[in-house]
Amino acid sequence: MTVGSHAEFFAGRTVVEVPADGPLPTVDGPTAWRIATREWDRGRDHKLSPEFRDAFEHFLDRADESVEALVIGSWGYAAFNGAPIAQLCEAAPRLPNLKALFLGDIVGEECEISWMRVGDVSPLLTAYPGLELLRVRGGEDFRFSPVRHERLRRLEVESGGLPAEFVRAVLDSELPALEDLELWLGVDEYGGDTTVADLAPLLAGERFPALRRLGLCNSEIADDIAEALAAAPVVRRLEKLDLSLGTLGDRGALALAGGQPLAHLAKLDLSHHFVSDEVVAAVKAALPGVEVDLSDPQEEEEDDDETYRYTAVSE
């Protein structure tokens, strides 16, 4: 499965497509402006599509300093052309009030997530010190460098295969205001080689003192992560825990239900799972005061007489 629809809402704002020509439309209520191009430059030089570059500059010419949220869609043929990170960074003085940025609102029919060539996204945080929410999506050449940012409250990283180097760099960052961290770990076939050991500083509660929601999602090692979380110190200060979109089965679900107390959680999201009906009932019975989401049950598939589980998003 791949990502199948563009964002309609982002950061509590309605997403509005930027028109190719004319003034920006008048919109009632908070707005997240979406910029994309349908001109797919299939050049293999890894340079930004000139169509997107021009569209973004045209947006800046029409916008003013009140812009608080941006959604960046297709920047050309994303499998070959690098993301517009440098252009976004150069535009920072013209967007002094930007609080939320989504880089990579691209669906499967435009480019599979594993093909999306992105680059190092951490310069965006350096360029925008007022940013409170950063969502990034990618697969190919998807990188992060350790950074310090005083105001970032929410970081969402969506991938069908998130490299361990990316995860370690996030965990090496200084993000004192971070309340919400969501990482789509993906599968090893598409570069998702993160292990429980790579997550150790996070699970030990050594990182991000303000963290209240943790999502370790879309993972083919969901059972291993659940077993680690069953005794992980970080869980004690969380309000929401999210292991959705992955391959969670009975082993991981029972470990969570039988591990450290989870009654303090407001929500435990285990949707898209491979948990048996009996264990679903047992988990819910063990956590009567917690909103437990065990929706979207999956069935194992068979290939060459072997059964296997699948994450919600991979290629």
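Quick note: structure is the one above.
Residues numbered from 1 in each chain as written. Predicted model: local features only at pLDDT ≥ 70, side-chain atom pairs only at ≥ 80, totals over all residues. Heavy atoms only, no water.

Chemist: Mind showing me how you'd approach the pattern of salt bridges here?
Modeler: Where side chains of opposite charge bring their charged atoms close, a pairing between them can arise. What the rule picks out here adds up to 28 salt bridges. One salt bridge connects Arg137 with Glu158, and the closest N-O pair in it is separated by 2.7 Å. Pair noted here: Arg137 is in strand 7 (residues 133–137) and Glu158 is in strand 9 (residues 154–158), with a separation of 21 residues, a long-range link. Of the two residues, Arg137 and Glu158, neither departs from the other in class, the shared state being buried. Look at the salt bridges and you will find they share partners, linking Arg135, Arg137, Arg154, Glu156, Glu158, Asp180, Glu182, Arg213 and Asp242 into a network. (Salt bridge = Lys/Arg side-chain N within 4 Å of Asp/Glu carboxyl O. Helix = DSSP H or I, 4+ residues; strand = E, 2+ residues; numbered from the N terminus. Buried < 20%, exposed > 50% of the residue type's maximum accessible area, 1.4 Å probe, protein only.)

Chemist: Explain the packing of aromatic side chains here, please?
Modeler: Aromatic ring pairs are described here by two measures, namely the spacing of the ring centres and the angle between the planes. On inspection of all chains with the given rule, the structure shows 6 aromatic pairs. Ring geometry for Phe144 versus Phe166: centroids 5.4 Å apart, planes at 40°, classification tilted. Here the residue Phe144 occupies a position in the loop between strand 8 (140–143) and strand 9, and Phe166 occupies one in helix 4 (residues 164–171), the gap between them amounting to 22 residues. A relative accessible area of 8% places Phe144 in the buried class. Overall, the relative accessible area of 1% leaves Phe166 in the buried class. Here the aromatic residues Phe52, Phe56 and Phe59 are joined through ring pairs into a cluster of three or more. Against the face of Phe102 rests Arg135, its NZ or CZ located 4.7 Å from the ring centre. (Phe/Tyr/Trp six-rings, centres within 6.5 Å; stacked < 30°, edge-to-face > 60°. Lys NZ or Arg CZ within 6 Å of the ring centre and 35° of its normal.)

Chemist: How should the pairing of strand 9 be read in this particular structure?
Modeler: The two faces of a sheet get side chains in turn, since along a regular strand they alternate between them. Burial runs high along strand 9: 4 of the 5 residues are buried. Pairing of strand 7 with strand 9, which is carried by 5 bridges, proceeds in the parallel orientation. Paired with Arg135 across the two strands is Glu156, which belongs to strand 9. Of the pairings in the sheet, the one linking strand 9 to strand 10 (residues 180–186) comprises 4 bridges and is parallel in character. Bridging from a neighbouring strand, Arg154 pairs with Asp180 of strand 10. Read from strand 9 through helix 4 to strand 10, the crossover connection turns out right-handed. (Pairing = 2+ DSSP bridges. Right-handed = clockwise from strand over helix to strand, strands pointing away.)

Chemist: Could you clarify how one ought to interpret the pairing of strand 11 (residues 213–219) in this entry?
Modeler: Across the 7 residues that make up strand 11, a large majority, 7, are buried. Of the strand pairs in this sheet, strand 10 and strand 11 are connected by 6 bridges, and their pairing is parallel. Within strand 11, the residue paired with Leu183 across the bridge is Leu216. Looking at chain direction, strand 11 and strand 12 (residues 240–242) are connected through 3 bridges and run parallel.

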